[in-house]
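A look at the structure
One letter stands for each residue in the lines below.
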Amino acid sequence: MFFGFFVLFVFSLLFSVFFYFLSVFFSFKDFCYGKLSSYECGFDVVGKVHVGFSVVFFSVILIFVFFELEVVFFIVMVYCDYYGMFFFFFFFLFMLLLVFILEWFYGKLSWFC
């Protein structure tokens, strides 16, 4: 029953790995200082090259993505029966509670230090 899916999965995996190694072997490799350093209009770097991001902002974005996926589940729920809707709302509330507990545990709900 799952043989066709398995063959497609293995073929896709081998296809991807083949082209990855093909690009690694045939790519041009010139490891000079100019390519490895950061470039700011020909001048030396003044400050840090990598600027960090706010973990609180990242966690809020993850919550936003989670709720966007829930909207997609609402569309699917139209075609569900009573037990499917019950399971969906149970899953939704469980994930909402889990995300809230994790945010609270890691201290990401406080915006000011």
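Summary of the structure given here.

Rules used throughout
- Residues numbered from 1 in each chain as written.
- Predicted model: local features only at pLDDT ≥ 70, side-chain atom pairs only at ≥ 80, totals over all residues.
- Heavy atoms only, no water.
- Phe/Tyr/Trp six-rings, centres within 6.5 Å; stacked < 30°, edge-to-face > 60°.
- Buried < 20%, exposed > 50% of the residue type's maximum accessible area, 1.4 Å probe, protein only.
- Helix = DSSP H or I, 4+ residues; strand = E, 2+ residues; numbered from the N terminus.
- Expected span 1.5 Å × (residues − 1).
- Contact = heavy atoms within 4.5 Å.

On to the packing of aromatic side chains, then. Tallying each qualifying case throughout the model produces six aromatic pairs. Ring centres of F18 and F19 lie 5.2 Å apart, and the angle between their planes is 75°; this geometry places the pair in the edge-to-face category. Its relative accessible area of 49% is what places F18 among the partly exposed residues. Considering the side-chain rings of Y20 and F21, the 5.4 Å spacing of their centres and the 70° angle between planes classify their relative orientation as edge-to-face. Residue Y20 is classed as exposed on the basis of its relative accessible area of 52%. Under the relative-accessibility criterion, F21 is labelled partly exposed at 42%. Among the aromatic residues, those joined into a ring-pair cluster are F11, F15, F18 and F19.

Here the focus is helix 4 (residues 82-105). Spanning 24 residues, helix 4 covers 34 Å between terminal C-alpha atoms, matching the ideal 34 Å at 1.5 Å per step. All of the buried residues along helix 4 are F88, F92 and E103. Buried residues in helix 4 make contact with helix 3 (55-77). With its phi angle positive at about 75°, G107 sits one or two positions after the end of helix 4.

On to helix 3. With 23 residues, helix 3 should cover 33 Å at 1.5 Å per step; its first-to-last C-alpha distance of 33 Å lies within 8% of that length. For helix 3, every residue scored as buried is listed here: V56, S59, F66, E70 and M77. Tucked into the core, helix 3 has its buried residues touching helix 4.

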